[in-house]
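One letter stands for each residue in the lines below.
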Amino acid sequence: MNMIIMKAGLDFFIAFGVVVGGSMLAGIGSVFLLLPPTSMMLSTAENLKIWAIVAAVGGSIDPMRVIESNIAKGELSPAVLQIGYIAIAFLGAHMGTELVKLVCKGAA
């Protein structure tokens, strides 16, 4: 049980960090290119959300294979666990996007 919570926490923070870090770096890069940083940060946060989920749960099609193979065998527990990891990663990516929106709110 401890490993499940640890993996879920890591998935959350990896997805959160990908969105927030990527958006902040996009904002810094846009300053160097003389573009408006807030609009670049907001669009980057939205675009990175799905990729943050993919990066957090393994970065490939393997999580989908785990779900498919376990359901085909009739074992639902590993499939439900993997879907839970994906949901936790989505929550982290969404909270990262909302944080970027909150940071950019006053400047937009």
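As a starting point, this report considers the structure included with it. Sequence order as written defines residue numbering, which begins from 1 separately in each chain. Totals for whole chains, interfaces and linings use every residue, but because this is a predicted model, local features are given only for residues with pLDDT of at least 70 and side-chain atom pairs only at 80 or more, for both listing and counting. The basis for every side-chain value is the complete set of non-hydrogen atoms in the structure, without hydrogens or water.

Description of helix H4 (residues 77–104)
Phase 1: Along its 28 residues, H4 runs 41 Å from first to last C-alpha, staying within 8% of the 40 Å computed at 1.5 Å per residue.
Phase 2: Type-normalised accessible area, obtained with a 1.4 Å probe on protein chains alone, sets the label of each residue: buried when under 20%, exposed when over 50%, and partly exposed for intermediate values. Helix and strand definitions follow DSSP, with helices as H or I runs of at least four residues and strands as E runs of at least two, each counted in order from the N terminus. Listing the buried residues of H4 in full gives Ala 79, Gln 82, Tyr 85, Ala 89, Gly 92, Ala 93, Gly 96, Thr 97, Val 100 and Cys 104.
Phase 3: Summarising the contacts, the buried residues of H4 are in contact with helix H1 (2–32), helix H2 (37–57) and helix H3 (62–73). Helices are assigned an expected span. That span is 1.5 Å times one less than the residue count. Only heavy atoms enter the contact rule, under which two residues are in contact if any of them lie within 4.5 Å.

Things to note about the packing of H2 against H4
Phase 1: Their axes nearest at 9 Å, the elements H2 and H4 cross at an angle of 165°. The angle between H2 and H4 falls in the class roughly antiparallel. The chirality of how H2 crosses H4 is right-handed. Seen from H2, the contacting residues are Thr 38, Met 41, Leu 42, Ala 45, Glu 46, Lys 49, Ala 52, Ile 53, Ala 56 and Val 57; seen from H4, they are Gln 82, Tyr 85, Ile 86, Ala 89, Phe 90, Ala 93, His 94, Thr 97, Val 100, Lys 101 and Cys 104.
Phase 2: Three residue categories are used. Nonpolar comprises Ala, Val, Leu, Ile, Met, Phe, Trp, Tyr, Cys and Pro, charged comprises Asp, Glu, Lys and Arg, and polar comprises the others, including Gly. The residue makeup of the contact of H2 with H4, split by class, is 14 nonpolar, four polar and three charged. Here the axes come from fitting lines to C-alpha atoms, over the contacting stretch only for helices, and the angles between their N-to-C directions go from 0 to 180 degrees. By the definition adopted for this analysis, an angle is roughly parallel if under 35 degrees, roughly antiparallel if over 145, roughly perpendicular if from 65 to 115, and oblique otherwise. Each crossing gets its hand from how the near helix is turned against the far one by less than a right angle, where anticlockwise is left-handed and clockwise is right-handed.

A word on the nonpolar core
Phase 1: Joining through side-chain atoms within 4.5 Å is the link that ties buried Ala, Val, Leu, Ile, Met, Phe, Trp, Tyr and Cys residues into a set, and such a set is a nonpolar core. With twelve residues, the main nonpolar core is built from Ala 15, Val 19, Met 41, Ala 45, Ala 52, Ile 53, Ala 56, Val 57, Ala 89, Ala 93, Val 100 and Cys 104.
Phase 2: Where this core is concerned, the elements lending two or more residues are H1, H2 and H4.
Phase 3: Ranked by residues supplied to this core, first place goes to H2 with six residues.
Phase 4: Setting aside anything within four residues of it in sequence, one finds Ala 93 in contact with Ala 15, Phe 16, Val 19, Lys 49, Ala 52 and Ile 53.

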